[in-house]
Amino acid sequence: MYYFCRVNIHQKYIQRCIQLAKNGLGTTYPNPMVGSVIVHNNTIIGEGWHQKAGQPHAEVHAINSVKNKNLLRESTLYVSLEPCNHYGKTPPCSDLIVSHKIPKVVIGTTDPFVEVAGKGIQKLQHNSIEVIVGVLEKECIDLNKRFFTFHNKKRPYIILKWAESADRYMAPLTKEIQKPVWLSNKYSRQIVHKWRSEEQAILVGTKTVIDDNPQLTTRDWYGNNPTRIVLDKKNSISNSFAIKDNTASTLIISEEHFFAENENCTVEKCNFDNLLPQQVVDILYQKKLQSVIIEGGKQTLQSFIDANLWDEARVFCSPVFLKNGLEAPLLPQKLFTKKQVQDDELKLFFNYD
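Residues numbered from 1 in each chain as written. Predicted model: local features only at pLDDT ≥ 70, side-chain atom pairs only at ≥ 80, totals over all residues. Heavy atoms only, no water.

Let's talk about the domain arrangement of the protein
Which entries qualify depends on this criterion: Domain delimitation in this document rests on an assignment produced automatically or drawn from a domain database. Any two residues whose heavy atoms approach within 4.5 Å are treated as being in contact. In this description, buried area is defined as the sum, over both parts, of the accessible area (probe of 1.4 Å) that is lost when the two are combined. Every case where a carboxyl oxygen of Asp or Glu lies within 4 Å of a side-chain nitrogen of Lys or Arg is listed as a salt bridge. Identification of polar contacts relies on pairs of N or O atoms within 3.5 Å, with a donor-acceptor requirement for protein atoms, meaning one able to donate a hydrogen and the other able to accept it, and with residues adjacent in sequence counted only if both atoms are side-chain atoms. Side-chain classes are defined by residue name, with Ala, Val, Leu, Ile, Met, Phe, Trp, Tyr, Cys and Pro counting as nonpolar, Asp, Glu, Lys and Arg as charged, and the others, Gly among them, as polar.
The domain architecture assigned to the protein consists of domain 1 (9–147) and domain 2 (155–350). Domain 1 and domain 2 are separated by 35 Å when their C-alpha centres are compared. On the side of domain 2, nine residues touch domain 1, which itself brings seven residues to the contact. Between domain 1 and domain 2, roughly 810 Å² of surface is buried when both sides are summed, and carbon and sulfur atoms account for 47% of that area. Three residues stand out in domain 1 for area buried against domain 2, namely Tyr-29, Lys-145 and Arg-146, and they jointly supply 66% of the buried area on that side. On inspection of domain 1 and its partner domain 2, the count reaches two salt bridges. Counting across the domain 1 and domain 2 interface gives five residue pairs in polar contact (both at pLDDT 80 or more). A per-class count over the side of domain 1 that touches domain 2 returns four nonpolar, one polar and two charged.

Remarks on the UniProt feature "binding site: Zn(2+)" (unreviewed entry) in the protein
Here is the rule: UniProt positions are given in the numbering used here, feature names are shortened, and annotations may be inferred rather than shown by experiment. A helix here means a DSSP run of H or I that spans at least four residues, while a strand means a run of E at least two residues long, and both kinds are numbered starting from the N terminus. A 1.4 Å probe rolled over the protein chains alone gives each residue an accessible area, and that area as a share of the maximum for its type sets the label: buried under 20%, exposed over 50%, partly exposed in between.
In this structure's numbering, the residues bearing the UniProt feature "binding site: Zn(2+)" (unreviewed entry) are His-57, Cys-84 and Cys-93. Look at the named residues: they lie 37 residues apart in sequence, but the longest C-alpha span between them is just 9.1 Å, so in the fold they bunch up. If you trace the backbone, Cys-84 turns up in the loop between strand E3 (76–81) and helix H3 (93–99). The exposure class assigned to Cys-84 is buried, which follows from its relative accessible area of 7%.

Digging into the environment of Ala-328
Inspection of the secondary structure assignment puts Ala-328 in the loop between strand E14 (326–327) and strand E15 (337–341). In the structure, Ala-328 is positioned 166 residues away from Trp-162 in sequence and 8.3 Å away in space, judged by C-alpha atoms. Those residues in contact with Ala-328 that lie beyond four places of it in its chain are Trp-162, Glu-164, Arg-168, Tyr-169, Met-170 and Lys-298.

With respect to the environment of Asp-306
With respect to the helices and strands, the residue Asp-306 is situated in helix H10 (residues 298–306). On the basis of relative accessible area, Asp-306 is assigned to the exposed category, the value being 60%. Measuring from C-alpha to C-alpha, the distance between Asp-306 and Leu-326 comes to 18 Å, with 20 residues separating the pair along the chain.

Details of the nonpolar core
To keep it simple, the criterion reads: To define a nonpolar core, start from buried Ala, Val, Leu, Ile, Met, Phe, Trp, Tyr and Cys residues and group those joined through side-chain atoms within 4.5 Å.
The biggest cluster of nonpolar side chains holds 30 residues, and the ones touching the most others in it are Ile-158, Leu-160, Ile-229, Ile-253, Val-280 and Ile-294. Of all the elements in the fold, those that place two or more residues in this core are strand E6 (157–164), strand E8 (201–205), strand E9 (227–231), strand E10 (250–254), helix H9 (276–286), strand E12 (291–294), H10 and strand E13 (312–317). Ala-58, Ile-107, Val-131 and Phe-148 belong to the second-largest nonpolar core, a separate cluster that totals 21 residues.

Considering the sheet that holds E8
Spelled out, the test is: Any two strands are treated as partners once DSSP identifies two or more bridges connecting them. Where helices are involved, their axes are fitted lines through C-alpha atoms of the stretch in contact, as for all axes, and angles between N-to-C directions lie from 0 to 180°.
Ordered in space as E11-E10-E9-E8-E12-E6-E13-E16-E15, the nine strands form an open sheet in which the pairing is mixed. At either margin of the open sheet sits one strand with a lone partner, and together these are strand E11 (265–269) and E15. When strand polarity is set aside, the average angle formed by the axes of neighbouring strands in this sheet is 20 degrees. In this structure, E15 lies alongside strand E16 (residues 344–350), joined through five bridges in antiparallel fashion. Its bridge partner being in E16, Thr-337 is matched across the sheet by Leu-348. Its contacts with the sheet place H10 against E6, E8, E9 and E12, and it is angled at close to 135 degrees to E6.

Details of the side chain of His-193
Tracing the chain through its elements places His-193 in helix H7 (residues 186–198). Looking at His-193, the relative accessible area reads 5%, which means it is buried. Only 3.5 Å separates the side chain of His-193 from the backbone nitrogen of Arg-219, close enough to count as a polar contact. Beyond its immediate stretch of four places on either side in the chain, His-193 contacts Thr-217, Thr-218, Arg-219, Asp-220 and Trp-221.

Some thoughts on helix H1 (residues 8–21)
Worth spelling out the cut-off: In this scheme, a helix's expected span is set at 1.5 Å multiplied by one less than its residue total. Relevant arc is that of directions from the helix axis to the C-beta atoms, nothing else.
Helix length check: H1 (14 residues) gives 20 Å between terminal C-alpha atoms against 20 Å at 1.5 Å per residue, within 8%. Of all the residues in H1, the buried ones are His-10, Tyr-13, Ile-14, Cys-17, Ile-18, Leu-20 and Ala-21. Considered in projection along H1, the buried side chains sweep an arc of 160 degrees and stay on one side of the axis. Exposed side of H1, more than 90 degrees from the buried face: Asn-8 and Lys-12 are the residues found there. Of the surrounding elements, those touching the buried residues of H1 are strand E1 (35–40), strand E2 (43–49), E3, strand E4 (104–109), strand E5 (130–133) and helix H5 (137–143).

A few points about the sheet that holds E2
The five strands are arranged E2-E1-E3-E4-E5 in an open sheet whose pairing can be described as mixed. Both outer strands of the open sheet, E2 and E5, are each paired with one neighbouring strand and no more. The mean angle between the axes of side-by-side strands here comes to 15 degrees, regardless of whether they run parallel or antiparallel. Sheet analysis places E1 next to E3, joined by four bridges and oriented antiparallel. Following the sheet pairing, Ile-38 is matched in E3 by Leu-77. Seen against the sheet, H1 touches E1, E2, E3, E4 and E5 and runs at an angle of roughly 140 degrees to E1. Together, E1, E2 and E3 form the strand contacts of helix H2 (residues 58–65), whose direction differs from that of E2 by roughly 140 degrees.

Here is the structure:
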């Protein structure tokens, strides 16, 4: 039996765990972001977060940061996600907690990963450790929305992104003067590159590649490049396009089977019918990609909206009026929040179940 508690003091320290965990955004895949603090007599004596897959977990860093290890026997360990109880690239954190005889552990939420999923909690309880679970649970789940979506829904966390004019057009009728046509300002574009560093994949369609020749990298921000996903039904994108350069790996989803000449490119075949969005997310799940930004044109974006396969939409609204052109996608959900990025307005939508 788990104990569920909402005592303010526990919320205070779990909130600190969440703050610490966010330091790992974009670097812990395929692992979740986790933060941990150790408290003795209402004072934090140790803290840490998971920094990179294959490296020590948050609890290990927190325990190692405590100078006087004798205090651990009189302390409470707080952690945003259930301690692991299996051998992966590192030993189980639950064993480490038991070995240091920490008497009490407060956990934000259980881990949905099948190898953990309550087993870490059971291990602690079987060793007479008091366990409290469910403190700021909603916030801890939201922290790892990508991880939870991947394991619970068997698909990546899907973020839609586009820019539109003040009169809701994505692009002019022709792009003779400039390719691509920038509606958002340079600060908004830098934010997009930051977002790319935080996600595992980015997806566009053939028309976007041919019209704009995008690189889809994080060149304006420090961080890892996402895997580039291209929907290329008839293998019509030549090797001259930037999407096939060696700056990042590229996955081509096509109706035709062909050999990818570039070593950074792989090909997956599927049927381009009205179930394409579901086929795409199934392929990304098989590739163990936990999140994807969809930056394609209207047809690609709208297909995922119509299939109800999206979690967030991030829309930059420019003060520019195009008067005509390609209309922006239509979202059924109401506006969640918005903020200014210089003269651009960034609108954020969430697709709650």
